[in-house]
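Residue strings, one per chain:
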Amino acid sequence: MNGRATVGTFGARQAGDIVFVAVLYAGAVDVVAHYGDTLAGKILVDITNPFNADASGLMTTPGNAVAQQIAAAAPRAPRS
């Protein structure tokens, strides 16, 4: 690990071991699914907020958290 942080753009391969999912809620699952296996073995940190457009409420329902949806779309971690 080189101790540097980088900023990527959509479509670029991730350079580090930790990837922050910092996109709008509505696109978070699609972005993680898009990158698929390139995320394997990386730590994903989800910082999305599922607020609606005017921030008066949430876009998710009980039992349907954004983190659960992202985890389902992300590749499985290797088992040792």
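Rules used in this analysis
Residues numbered from 1 in each chain as written. Predicted model: local features only at pLDDT ≥ 70, side-chain atom pairs only at ≥ 80, totals over all residues. Heavy atoms only, no water. Helix = DSSP H or I, 4+ residues; strand = E, 2+ residues; numbered from the N terminus. Buried < 20%, exposed > 50% of the residue type's maximum accessible area, 1.4 Å probe, protein only. Contact = heavy atoms within 4.5 Å. Areas by Shrake-Rupley, 256 points an atom, 1.4 Å probe, with all protein chains shown as cover. Lys, Arg positive; Asp, Glu negative; His and termini not counted. Charge placed at Lys NZ, Arg CZ, Asp CG, Glu CD. Polar contact = N/O pair within 3.5 Å; in protein donor to acceptor, adjacent residues only side chain to side chain. Core = buried A, V, L, I, M, F, W, Y, C linked by side-chain atoms within 4.5 Å. Pairing = 2+ DSSP bridges. Right-handed = clockwise from strand over helix to strand, strands pointing away. pLDDT = per-residue confidence, 0-100.

Observations concerning the overall build of the protein chain
So, point 1. Within the protein chain, the regular secondary structure consists of two helices and two strands.
So, point 2. Reading the secondary structure of the protein chain in the N-to-C direction produces β-α-β-α.
So, point 3. Dimensions along the principal axes, computed over C-alpha positions, put the protein chain at roughly 40 × 30 × 20 Å.
So, point 4. Here the protein chain holds 80 residues, and 20% of them are scored as buried.
So, point 5. Taking the intrachain contacts of the protein chain between residues at least 6 apart in sequence as the baseline, contacts between residues at least 24 apart amount to 62%.
So, point 6. Summed over its atoms, the accessible surface of the protein chain is roughly 6,000 Å², and 57% of this surface lies on carbon and sulfur atoms.
So, point 7. Of the charged side chains in the protein chain, 5 are positive and 5 negative, and the gap between their average positions amounts to 13 Å.

Re the side chain of T48
So, point 1. By the element assignment, T48 lies in the loop between β2 (43–46) and α2 (66–73).
So, point 2. Separated by 2.5 Å, the side chains of T48 and D46 make a polar contact.

Notes on the nonpolar core
So, point 1. Within the largest apolar cluster, eleven residues are counted, these being V19, V21, Y25, A28, V31, V32, Y35, L39, V66, I70 and A74.
So, point 2. Those elements that provide at least two residues to this core are β1 (18–21), α1 (25–35) and α2.
So, point 3. If one sorts the elements of this core by residue count, α1 sits on top with five residues.
So, point 4. If we ignore the near neighbours within four places in the chain, the residues touching V19 are Q14, L39, K42, I43, L44 and V45.

Focus on the pairing of β2
Two faces, one strand: in a regular strand the side chains alternate between the faces of the sheet.
So, point 1. Examined bridge by bridge, β1 and β2 share four bridges and lie parallel to one another. Looking at β2, one finds that I18 is bridged to I43.
So, point 2. Each parallel crossover has a hand, and the one from β1 via α1 to β2 is right-handed.

With respect to unusual backbone geometry
A negative phi angle characterises most non-glycine residues, just as the trans form characterises most peptide bonds.
So, point 1. Notably, A55 is not glycine yet its phi reads approximately 60 degrees, a positive angle.
So, point 2. Note on placement: A55 falls in the loop between β2 and α2.
So, point 3. For A55, a relative accessible area of 53% puts it in the exposed group.

With respect to the confidence of the model for the protein chain
So, point 1. Looking at the protein chain as a whole, its pLDDT mean stands at 81, while 91% of the residues score no less than 70.
So, point 2. Mean pLDDT across the secondary structure elements of the protein chain bottoms out at α2, with 87, and peaks at β2, with 89.

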